[in-house]
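Okay, here's what each chain looks like letter by letter:
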There are 2 protein chains.
Amino acid sequence: MRVLVLGGDGYLGWASALHLSAVGHVVAVADSGVRRAYDVELGTASLVPIGSLAERVGCWEEVSGRRVEAFVGDVCDAGFVEAVMGGFAPDAVVHFAEQRSAPYSMIDRAHAVHTQVNNVVGTLNVLYAMAGSARPVHLVKLGTMGEYGTPNIDIEEGWLELSHKGRSDRVLFPKRPGSFYHLSKVHDSHNIEFACRVWGLAATDLNQGVVYGAATEETARHPVLATRLDYDQVFGTVLNRMVVQAVLGEPLSVYGTGGQVRGMLDIRDTVACVRLAVEHPAVAGEYRVFNQFTEQWSVRQLADRVARVAGPGVTIEEVPNPRVEADRHYYNAAHTKLLDLGLRPHPLTDTTITTLLDTATTHRDRINPAVIHPTIDWRSTSNHLGVPVG
Amino acid sequence: MRVLVLGGDGYLGWASALHLSAVGHVVAVADSGVRRAYDVELGTASLVPIGSLAERVGCWEEVSGRRVEAFVGDVCDAGFVEAVMGGFAPDAVVHFAEQRSAPYSMIDRAHAVHTQVNNVVGTLNVLYAMAGSARPVHLVKLGTMGEYGTPNIDIEEGWLELSHKGRSDRVLFPKRPGSFYHLSKVHDSHNIEFACRVWGLAATDLNQGVVYGAATEETARHPVLATRLDYDQVFGTVLNRMVVQAVLGEPLSVYGTGGQVRGMLDIRDTVACVRLAVEHPAVAGEYRVFNQFTEQWSVRQLADRVARVAGPGVTIEEVPNPRVEADRHYYNAAHTKLLDLGLRPHPLTDTTITTLLDTATTHRDRINPAVIHPTIDWRSTSNHLGVPVG
């Protein structure tokens, strides 16, 4: 199949592109480079050194003999999207090209507006390009489990069979997300469902959990193929960040009591899930949702686990929660659809954590301790990156 | 109370501003004039002649002795919103300042993007200005009944008490709207609910039905105080448009079989509802939704009614439906909250229709028959205003 990966220079976009290429698909990536620009704005950098996009695709061709075409441009530029879609003629578009950080979206008004406009307009451009395409294109869109929030009922996969006052319907699962970023994905989901309904498009919305891990089989084949690894308060995901704190000898920080339960998954499962979605497409007119995670953990459970594996002397510290969220809540989310398609999960093991600890130790001189602690307070409308919360 | 009406130069914004002023509130309006610019783009104009915003507020001061301050600017300009909110210091902000036409949003990609960016960013700017305000401000936001779509269950007022697998929660009522415009209001609703949750803002989301009627007590006091009346395919609402067709001696067109059922209300009830919402504010942290309509009618029922009142010779014509929507469906929407606050509805009467027929007859020379019939096809991603659908 011909697969276009939008946002193919990012943490998961790059890893997904390589995996799709490795298994034999004809892959192209498109990226504006904005994720690297966010690093400059935030004064941080990937813990693992990464090559330029040109170096990456060149190295992949040398290592694998497979070519990944790279287009540089912004999905918010409709002309770019149309040109790439027209030129590459994909069977599937995997859409990672969104601002993906909740804290980034909560810095201030300008960052909230940037996040929502960037994400919503990019996705609208993709939907219009698909609808205008002569051949059918399957959209595989990265959503987030955070779209659901933490309802007091079981979370289903996107849709809900509902009975009310003696009548019933199948409705989109009610959403109550926790940041302007998560909201942008809810907006996308509604827009995509509508586009499937009126234009007969085919879409899979991958409501992904929190990803951990530094490498996949493909990114590990050469240092230039490494994907980025973030540990900062803005783009770092929780397990990756804790591992870096352990290497620094700092306490592992949990926000509040750490009782927040979230669906999580290994980066190797992310790329497998994307592949499964691509290879088992939605049908024309179908808007389907897969909850893309493998296990549920509380933040506190993760911290306990990392502390145990990292060894004696590693402590856990509760810090004032910069977010507005429940840290004691019910959480039970369905996640069977990807398993039904054949996903074989990598559950979290001590080895996974050890490998991450090794990676962080290798690149310890690249760690900037100043970017780890949270300074973006959900309750404030005007945050400054340098000022600690609490 | 001090009330700022955003979009105060439009069909309902102007009428609401005058009503709030008439009953003794200190009122300011803010408007960019974009609604008049849409007229230029679409080659149409209000059926009833309207004064400039400066003429309107001048006339109102002469007629009523009350001053309405007018600010000219765009709510997408955050600096403008902050300056007006800071300068006027409202107790309540009534937010009509959105692109409000479903067909307009479905013209093509550019119009879809304009609608969503304009509406979402404007509302984000208002939310941030409220959160940054030293004094509490109550947001009264115009949503639409179209956010719900036509579910097979009863529609509640914004929230739904839900039981699922033996557990229960109160969730946002699931939305499944029918255009990029309606989607923009769904996006707003989610953003507003979040802002109330994290910042303790107070908001009332008025999910309004389809409005008919040409005048309120206040707009009728002087010709310069008249509010605009639209009959074109893009901005004209169904009853107003049918009345114009009757005056032209053309068949009253229904889309498909006309079986679409919608909540509807008289413009005099719109201004009363807005006043009730303002005078009975939400409390800090509360996001509440009122379904703002008084009666449910199918489009066919409306056409039959207009035909009967307009007299012999008026026929009804089914035209291919340019929209993607069910024209046979269940529809039963709650609308008790505004009644509980004291709304005394103006049900649709033959007199209301006769008055509208008289208005259209008076301005018959201003009717452009070419702008009535639908040319914007929901199934197309690239519509041209001059080309009929079907």
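Up top is the structure.
The rules we used
- Residues numbered from 1 in each chain as written.
- Chains lettered and ligands numbered in written order.
- Predicted model: local features only at pLDDT ≥ 70, side-chain atom pairs only at ≥ 80, totals over all residues.
- Heavy atoms only, no water.
- Helix = DSSP H or I, 4+ residues; strand = E, 2+ residues; numbered from the N terminus.
- Rg over C-alpha atoms; globule rule 2.2 N^0.38 Å.
- Buried < 20%, exposed > 50% of the residue type's maximum accessible area, 1.4 Å probe, protein only.
- Contact = heavy atoms within 4.5 Å.
- Expected span 1.5 Å × (residues − 1).
- Polar contact = N/O pair within 3.5 Å; in protein donor to acceptor, adjacent residues only side chain to side chain.
- Pairing = 2+ DSSP bridges.
- Axes fitted to C-alpha atoms, helices over the stretch in contact; angles between N-to-C directions.
- Salt bridge = Lys/Arg side-chain N within 4 Å of Asp/Glu carboxyl O.
- Buried area = accessible area lost by both parts, 1.4 Å probe.
- Nonpolar A, V, L, I, M, F, W, Y, C, P; charged D, E, K, R; others polar.
- Core = buried A, V, L, I, M, F, W, Y, C linked by side-chain atoms within 4.5 Å.
- Phe/Tyr/Trp six-rings, centres within 6.5 Å; stacked < 30°, edge-to-face > 60°.

Now for the overall build of chain A. Scanning chain A from N- to C-terminus turns up 12 helices and 14 strands. In terms of overall size, chain A behaves like a compact globule, its C-alpha atoms giving a radius of gyration of 20 Å where 390 residues would be expected to give roughly 21 Å. Along the first, second and third principal axes, the C-alpha atoms of chain A reach 65 × 60 × 40 Å. Among the 390 residues that make up chain A, the fraction classed as buried is 62%. When contacts within chain A are restricted to residue pairs at least 6 apart in sequence, long-range pairs at least 24 apart make up 81% of them.

What follows deals with helix H9 (residues 267-279) of chain A. Residue and element names in this part refer to chain A. Across its 13 residues, H9 extends 19 Å between first and last C-alpha, which sits within 8% of the 18 Å expected from 1.5 Å per residue. The set of residues buried in H9 consists of Ile267, Asp269, Thr270, Val271, Cys273, Val274, Leu276, Ala277 and Val278. The backbone nitrogen of Arg268 lies 2.8 Å from a side-chain oxygen of the residue at the head of H9, namely Asp266.

Residue and element names in this part refer to chain B. Reading across from one edge, S3-S2-S1-S4-S5-S8-S12 is the order of the seven strands in this open sheet, with parallel pairing throughout. Here the strands that pair on one side only, and so sit at the sheet edges, are strand S3 (68-72) and strand S12 (287-292). Taken over all neighbouring pairs, the strand axes of this sheet differ in orientation by 20 degrees on average, direction set aside. As paired strands, strand S4 (residues 92-95) and strand S5 (residues 138-144) are joined by four bridges and run parallel to one another. Its bridge partner being in S5, Val94 is matched across the sheet by Val140. Strands strand S2 (26-31) and S3 of the sheet are contacted by helix H3 (residues 53-64), whose axis makes an angle of about 170 degrees with S3.

Here the focus is the sheet that holds strand S9 (residues 210-212) of chain A. Residue and element names in this part refer to chain A. An order of S9-S11-S13 is seen for the three strands of this open sheet, with the pairing classed as mixed. Each edge of the sheet is formed by a strand with only one pairing partner; in this case those strands are S9 and strand S13 (295-298). With strand direction ignored, the average angle separating the axes of adjacent strands in the sheet is 45 degrees. Strand direction decides the pairing type here: strand S11 (residues 261-266) and S13, joined by four bridges, are antiparallel. Within S13, the position partnered with Met264 by the bridge is Glu295. Across the sheet, helix H10 (residues 299-310) touches S11 and S13, and the angle it forms with S13 is around 85 degrees.

It is worth spelling out the pattern of salt bridges at this point. Residue and element names in this part refer to chain A. Under the definition given, this model contains 46 salt bridges over all chains. For the salt bridge of Asp350 with Arg308, the shortest nitrogen-to-oxygen distance reads 3.2 Å. Remark: Arg308 occurs in helix H10 and Asp350 occurs in helix H12 (residues 350-362); sequence separation between them is 42 residues. Given a relative accessible area of 30%, Asp350 falls into the partly exposed group.

As a further point, take the interface of chain B and chain A. Frequently, the measure chosen for interface size is the accessible area that the parts lose on association. Residue-level contacts link 53 residues of chain B with 53 residues of chain A. With both sides pooled, the region where chain B packs onto chain A buries about 5000 Å², and carbon together with sulfur makes up 65% of that total. If you look at where chain B meets chain A, you find four salt bridges. Across the salt bridge formed by Glu156(B) and Lys165(A), the nearest N and O atoms sit 2.7 Å from each other. Our count for the contact surface shared by chain B and chain A stands at 22 residue pairs in polar contact (both at pLDDT 80 or more). Of all the secondary-structure elements, those providing two or more residues to the side of chain B that touches chain A are helix H6 (109-131), strand S6 (159-164), strand S7 (167-172) and helix H7 (180-199) of chain B. Classifying every residue of the side of chain B that touches chain A by side-chain character gives 28 nonpolar, 13 polar and 12 charged.

A word on the nonpolar core. Counting 192 residues, the largest nonpolar core has Leu4(A), Val5(A), Val94(A), Phe180(A), Met242(A), Leu4(B) and Phe180(B) as its most contacted members. Among residues more than four places away in sequence, those in contact with Leu4(B) are Ala28(B), Val29(B), Ala30(B), Val84(B), Met85(B), Phe88(B), Pro90(B), Ala92(B), Val93(B) and Val94(B). With 67 residues, the next largest nonpolar core counts Leu229(B), Val274(B), Ala303(B) and Ala307(B) among its residues.

For the rest of this paragraph, the subject is the pairing of S6(B). Residues and elements named next belong to chain B. As paired elements, S6 and S7 share six bridges and run antiparallel to each other. From the neighbouring strand, Trp159 faces S7, where its bridge partner is Leu172. Where S6 folds back onto S7 in an antiparallel hairpin, the turn is made up of two residues, including Lys165, whose phi is positive at roughly 50 degrees.

Take the side chain of Lys175(B) next. The topology assignment puts Lys175(B) in the loop between S7 and H7. Within polar-contact distance, the side chain of Lys175(B) engages the side chain of Glu147(B) at 2.8 Å. Excluding residues within four positions of it along the chain, Lys175(B) makes contact with Leu172(A), His190(A), Glu147(B), Tyr148(B), Val186(B), Ser189(B) and Asn207(B).

Next up on the list: the packing of aromatic side chains. Within this structure, the stated rule accounts for 18 aromatic pairs over all chains. Look at Tyr38(B) and Tyr104(B): their rings are 4.7 Å apart centre to centre, the planes differ by 50 degrees, and that puts the pair in the tilted class. Of this pair, Tyr38(B) sits in helix H2 (residues 34-42) while Tyr104(B) is found in helix H5 (residues 102-105), placing the two residues 66 residues apart along the sequence. For the pair shown, Tyr38(B) and Tyr104(B) are each scored as buried. A network of ring pairs unites the aromatic residues Tyr128(A), Phe194(A), Trp199(A) and Phe180(B) as a single cluster.

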